[in-house]
Amino acid sequence: MSPSPGDTGTTGPGPAALAVETHGLVKRFGHQLAVGGIDLAVPQGSVFGFLGPNGSGKTTTIRMLLALAAPTHGAVAVLGQDMPRSFRTVLPRVGALVEGPAFYPFLSGRANLHRLDAADANSPAGTRAARVDAALDRVGLTHAAGKKVRAYSLGMKQRLGIANALLAPRELMVLDEPTNGLDPQGTREVRSLVRSLATEGTTVFVSSHLLAEVEQICTHAGIMRAGLLVAQGTLAELRRDGREQVRVLTPDMARACGVLARLGLVPEIAVSVPTDDDGGLVRAPVPERRGEPADIVAALVADGVRVRGFAVEAGSLEDRFVELTGEGFEVVE
Amino acid sequence: MLAALAAIPVLIAVVVRLSAHVPPGRGPVFLDRITQNGMFVAATAMVVAIPLFLPLTVGVVAGDTVAGEAGMGTLRYLLVAPAGRIRLLVVKYLGAVVFCVAATLVIVLAGSAIGALLFPVGPVTLLSGDTVGAGQAEWRLVLVAAYVTVSLAGFAAVGLFISTLTDAPVGAMAATVVLAIASQVLDSLPQLAWLHPWLFSHYWFDFADLLRQPVTWDSFGANAVLQAGYLAVFGALAYGRFASKDVLS
Ligand SMILES: Nc1ncnc2c1ncn2[C@@H]1O[C@H](COP(=O)(O)OP(=O)(O)OP(=O)(O)O)[C@@H](O)[C@H]1O
Ligand SMILES: [Mg+2]
């Protein structure tokens, strides 16, 4: 996938317009490279999942999209206009949740939204009360709207943060880990909220490190690793790019590995699948120059490997994600 | 904080009322005149508040302006609204100035009220020897409040600038208050006489001209020019710092 401008991965005729576009975007904090030159292309109308492990640069990128931080190098265009230069015309059309909600604890939820809405000099004061109440209703906070935010639970604050992003009709929503701290019910509500926004034509740019979440709601995704955008495109494209895998279920795992290695594959014992009396899972990416899969079974059996299960599967998005970002738990610096 | 400021004249008035007699010439200026005329409570309270209480409260407010929002994380949401960085600074500074107005007025009004309550109120002899009625004297006190507000305007701009330097409001407040103290200490060292006219606290006590007949505006003007200079310099510094600042809180 070459993320050149215009090649957005959509199937429509001609290059789709981009809601967010960056070129060689770099952000350095002193010596630390937080974002290392990324070319994002988020098509208008898409639900774009911005995936990556902790510390991979998602929030930093979002801050640059929203003119909170200036890029060290590179260019950012949001809704077709240069940022941060055009923030005045761009930001009123963008709703955002950045690195968790933040409110005045001594004010009620409703008063907080009034204050934040009034912060934009051009937001119409006449409709403010109605818009605030509609946003509160949309996130299910109507009953708690009069409570001081100090008395809100984590999930209630998160909902209030999303309500703040919904104060006006938006063309783009930027949501940084929107389901953080939400209960399963709240998580589902956010998902359906994102879907309803998408059907209204709003582009949704949602960062997450939860793959399942992205798979459920997104049409597109970009995967960050240590400040680099290692892949982006439609979910189907990302899955397709994952290599097919041979999966062998067997009690004789060591011997199976030996056979597969002799056939020129690179096998590994899948740690995610527990080994029991029935054996465990050995898997290996199918080599470029693939032969008949049945030959692999024949070779295994000829060597006395007791094969309980055999499959050649397309890589799941999860495999692809792990393949791109590494399996380890260590935060990559 | 306004309540704390209102407590100063109340405290002074109550203490003077309860004590048998105040030896003349001791304690803050005007203190010994309170028992004859309650109008002097507000004047005394102002003299007491200028070196410490007012810079303390104004320093807290001015130091909190930007750093407080950054510390709470609300700064990023204000900017994304978008509030506009210049507009945010201007509104925050105006908020600090409004606090200065409220603070000085609270001292004058609370002082006048408690003075009228506990002591006789009558015509006041001004520093020039002329005597004016209580109404005119109250008006002079409001003029003093205006003078002190102007005195604090430059200092508030310094606080605003310091507030753009950090995401920790307590640090910004402390640094701002320390500067007010330092400026007054430097102003009291005769070896640094060349520096004195440039210190923002230099004219803080020079409101005596407003208590003469007729009122002379020279010190008011000199003070206003100095404070405007501080506002221009530190306003520009705050803008320079904040306009390009990465908001990472
Ligand atoms: N203010 C800062 N000063 C210095 N380094 C920073 C700062 N903010 C972030 N970083 C560094 O930049 C890198 C990217 O951080 P970022 O917050 O963008 O990650 P993230 O992808 O949002 O992670 P998470 O999933 O934990 O939210 C990290 O290595 C982090 O240490
Ligand atoms: Mg983050």
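In this text, all values refer to a predicted model and were calculated from it rather than measured experimentally.

**Student:** Help me out: how do you make sense of the sheet that holds strand β15 (residues 309–313) of chain A in this one?
**Tutor:** Note on sheets: strands pair through backbone hydrogen bonds, and any given pair is parallel or antiparallel. All names here are of chain A. The strand order across the open sheet built from four strands is β13-β14-β12-β15, with neighbouring strands paired in antiparallel fashion. Looking at which strands have only one partner, the edges of the open sheet turn out to be β13 (268–269) and β15. Pairing between β13 and strand β14 (residues 280–285): two bridges, direction antiparallel. Across the sheet, residue I269 finds its bridge partner in β14, namely V282. Contacting β12 (245–250) and β15, helix α10 (residues 293–302) runs over the sheet at an angle of about 150° to β15.

**Student:** How should I be thinking about the site of ligand 1 in this particular structure?
**Tutor:** All names here are of chain A. For ligand 1, the set of nearby residues contains 14 residues, the closest of which are Q32, G55, K58, T59 and T60. A distance of 3.2 Å separates an oxygen atom of ligand 1 from a polar backbone atom of S56. Between ligand 1 and G57, the relevant distance is 3.0 Å, taken from an oxygen atom to a main-chain nitrogen or oxygen of the residue. Out of a free accessible area of 630 Å², ligand 1 has 69% covered by protein chains. Of all elements in the fold, only β2 (32–38) and α1 (58–65) reach the threshold of two or more residues within the shell around ligand 1. Top contributing element to the shell around ligand 1 by residue count: α1, with three residues. Looking at the shell around ligand 1 residue by residue, the class counts come to four nonpolar, eight polar and two charged.

**Student:** Whenever I open this one, the sheet that holds strand β11 (residues 228–234) of chain A confuses me. Can you help?
**Tutor:** All names here are of chain A. Spatially, β7-β8-β9-β4-β10-β11 is the arrangement adopted by the six strands of the open sheet, whose pairing is mixed. The outermost strands of the open sheet, each flanked by one partner alone, are β7 (94–97) and β11. On average, each strand axis in the sheet is inclined to that of its neighbour by 10°, with strand direction left out of account. Where strand β4 (residues 47–51) lies against strand β10 (residues 220–225), four bridges are found, and the strand directions are parallel. Considered in β10, the bridge of F50 is made with G222. The strands touched by helix α11 (residues 317–325) within the sheet are β4, β10 and β11, with β10 carrying the most contacts at an inclination of about 30°.

**Student:** Could you clarify how one ought to interpret the packing of helix α3 (residues 109–119) of chain A against helix α5 (residues 154–165) of chain A in this entry?
**Tutor:** When two helices pack together, you describe them by how their axes are tilted relative to each other and by the distance separating the axes. Residue and element names in this part refer to chain A. At their nearest, the axes of α3 and α5 sit 10 Å apart, and the two run at 30° to each other. Of the two elements, α3 crosses α5, and the hand of that crossing is right-handed. Contacts from G109, L113 and L116 in α3 reach L160, A163 and N164 in α5. Looking at the contact of α3 with α5 residue by residue, the classes come out as four nonpolar, two polar and no charged.

**Student:** Help me understand the nonpolar core in this model?
**Tutor:** Soluble globular proteins: nonpolar side chains tend toward being buried together. In this structure, A:L66, A:V78, A:L172, A:F205, B:M46 and B:L54 are the most contacted members of the largest nonpolar core, which totals 154 residues. Top element by residues in this core is helix α6 (residues 134–163) of chain B. It accounts for 16 residues. Discounting residues that sit within four places of it in the chain, A:V78 has contacts with A:A19, A:L65, A:M83, A:V90, A:V94 and A:L172. Counting 15 residues, the second-largest nonpolar core is a separate cluster that includes A:V246, A:C257, A:V282 and A:V286.

**Student:** Any chance you could explain the packing of helix α2 (residues 40–49) of chain B against helix α5 (residues 85–118) of chain B here in plain terms?
**Tutor:** Residues and elements named next belong to chain B. Two elements in contact, α2 and α5, have axes whose closest approach is 7 Å; the angle formed by their N-to-C orientations is 145°. The crossing of α2 and α5 is right-handed. For the pair formed by α2 and α5, the contact residues are V41, A42, A45, M46 and A49 on the first element and T104, I107, V108, G111, S112, I114 and G115 on the second. Its residues placed into classes, the contact of α2 with α5 shows eight nonpolar, four polar and no charged.

Parameters at a glance
- Residues numbered from 1 in each chain as written.
- Chains lettered and ligands numbered in written order.
- Predicted model: local features only at pLDDT ≥ 70, side-chain atom pairs only at ≥ 80, totals over all residues.
- Heavy atoms only, no water.
- Pairing = 2+ DSSP bridges.
- Helix = DSSP H or I, 4+ residues; strand = E, 2+ residues; numbered from the N terminus.
- Contact = heavy atoms within 4.5 Å.
- Axes fitted to C-alpha atoms, helices over the stretch in contact; angles between N-to-C directions.
- Near = heavy atom within 4 Å.
- Polar contact = N/O pair within 3.5 Å; in protein donor to acceptor, adjacent residues only side chain to side chain.
- Areas by Shrake-Rupley, 256 points an atom, 1.4 Å probe, with all protein chains shown as cover.
- Nonpolar A, V, L, I, M, F, W, Y, C, P; charged D, E, K, R; others polar.
- Left-handed = near helix turned anticlockwise from the far one by under 90°.
- Core = buried A, V, L, I, M, F, W, Y, C linked by side-chain atoms within 4.5 Å.
- Buried < 20%, exposed > 50% of the residue type's maximum accessible area, 1.4 Å probe, protein only.

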